[in-house]
Amino acid sequence: MAAKEPSPIVKSYLILYNAAQVLGYVMMGVCWCYMLYQLIAYYTIDKGTEKTLWDYLGFTVILFQNAALLEIVHAFTRIVPSNPIITTFQVLSRVMVVCGVVMATPTGKVSPGLPLAILAWSVTEIIRYAYYALNLIDAVPKLLIFLRYTTFIVLYPTGVTGELLCFYWAQSHVAQTKQWSIEMPNTYNFTFSYLYFLWAVMLLYIPLFPQLYLHMFAQRKKILGSSAAPGGTASKHKKN
């Protein structure tokens, strides 16, 4: 039996919803383009500035990276078909780097890993949001599909290396100052070491990164192996 045709009201709602999604993805892509521009400008146009990289673009990173927390909500509420577990790990690892490492410590702000992480994040998000927006209107060019499922091969390890370097630079300050740590004795009979917490998070990358990386390779094989649609567009795919 043929599926029932949706009512004009439902059709109008779906059109508006998809248009809002497209606009949202386009705006997020523009935001990440701006961050990439700032990163490049810091080392070219404004080379020699007395500002550190974090002073130069820190506000942009804080704003856009924390906005990604909404993606976890969208994934768990099934507004989008993203895998909620993978989305949570990917988003929280970046938020931890921004809020719990770079913002929290002076050493994290000057880590050589910061530009690596920002570069990998920016390029990844520009491609990803462009892919999402065009996918909603069934107009994804083959080149963008290829970039979406190929650039991660380099960008993912680059981003993870940058994130781990930020952690490593931050832990020296935390070790010296015992920042955010709670020592015994105290009223609550409770102890917490932020230094050990940072190391625990760093160690989590060992089992998690290979799984996420291999997951992307599986998606690459699935998408590029059989799904590049004729005519230069792609059928709608699951978000990853």
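Because the structure is predicted, anything quoted here is derived from the model rather than measured.

Enquirer: Go over the UniProt feature "transmembrane region" (unreviewed entry) in the protein chain with me, naming the residues and quoting the values.
Expert: As annotated in UniProt, the feature "transmembrane region" (unreviewed entry) corresponds to residues 12-37, 114-134, 146-170 and 190-214 in the numbering used here. Along residues 146-170 one finds 88% helix and 0% strand; the C-alpha atoms at either end are 36 Å apart. For residues 190-214, the end-to-end C-alpha separation is 39 Å, with 84% helix and 0% strand making up the annotated structure.

Enquirer: So what's going on with a nonpolar patch on the surface? Residues and values would help.
Expert: Where nonpolar side chains cluster on the molecular surface, the patch consists of Val110, Tyr168, Trp169 and Trp199 and spans about 380 Å² of accessible area. Residue class for Trp199 comes out partly exposed when judged on its relative accessible area of 33%.

Enquirer: Please provide a residue-by-residue account of the side chain of Thr105, values included.
Expert: Note on placement: Thr105 falls in the loop between helix 4 (84-102) and helix 5 (106-109). Looking at Thr105, its side chain comes within polar contact range of the main-chain oxygen of Val101, at 2.7 Å.

Enquirer: Break down helix 4 for me, with residues and values.
Expert: With 19 residues, helix 4 should cover 27 Å at 1.5 Å per step; its first-to-last C-alpha distance of 26 Å lies within 8% of that length. Along helix 4, the sharpest change in direction is near 30° and occurs at Met96. Between a side-chain oxygen at the N-terminus of helix 4 and the backbone nitrogen of Ile85 the separation is 3.0 Å; the capping residue is Asn83.

Enquirer: Which residues make up the nonpolar core, and what are the values?
Expert: Val61, Val101, Ile118 and Phe167 are the most contacted members of the largest nonpolar core, which has 52 residues in total. Looking at this core, the elements that each hand over two or more residues are helix 1 (8-43), helix 2 (53-67), helix 4, helix 6 (113-136), helix 7 (142-148), helix 8 (152-177) and helix 9 (194-226).

Enquirer: Outline the pattern of salt bridges, listing residues and values.
Expert: Evaluated as defined, the whole model comprises four salt bridges. Across the pair Glu125 and Arg128 runs a salt bridge, and its minimum N-O distance is 2.5 Å. Of this pair, Glu125 and Arg128 both sit in helix 6, three residues apart, roughly one helical turn. By relative accessible area, Glu125 is classed as buried at 2%. A salt bridge links Glu183 to Lys178; its shortest N-O distance comes to 3.0 Å. When its relative accessible area of 46% is taken as the criterion, Glu183 is described as partly exposed. A single network of salt bridges, built from pairs that share partners, joins Glu71, Arg94, Glu125 and Arg128.

Cut-off values and rules
- Residues numbered from 1 in each chain as written.
- Predicted model: local features only at pLDDT ≥ 70, side-chain atom pairs only at ≥ 80, totals over all residues.
- Heavy atoms only, no water.
- UniProt positions renumbered as here; feature names shortened; annotations may be inferred.
- Helix = DSSP H or I, 4+ residues; strand = E, 2+ residues; numbered from the N terminus.
- Patch = residues over 30% accessible without salt bridge, like charges linked within 9 Å, V, L, I, M, F, W, Y side chains within 5 Å.
- Areas by Shrake-Rupley, 256 points an atom, 1.4 Å probe, with all protein chains shown as cover.
- Salt bridge = Lys/Arg side-chain N within 4 Å of Asp/Glu carboxyl O.
- Buried < 20%, exposed > 50% of the residue type's maximum accessible area, 1.4 Å probe, protein only.
- Polar contact = N/O pair within 3.5 Å; in protein donor to acceptor, adjacent residues only side chain to side chain.
- Expected span 1.5 Å × (residues − 1).
- Bend = angle between axes of the 7 residues up to and from the residue.
- Core = buried A, V, L, I, M, F, W, Y, C linked by side-chain atoms within 4.5 Å.

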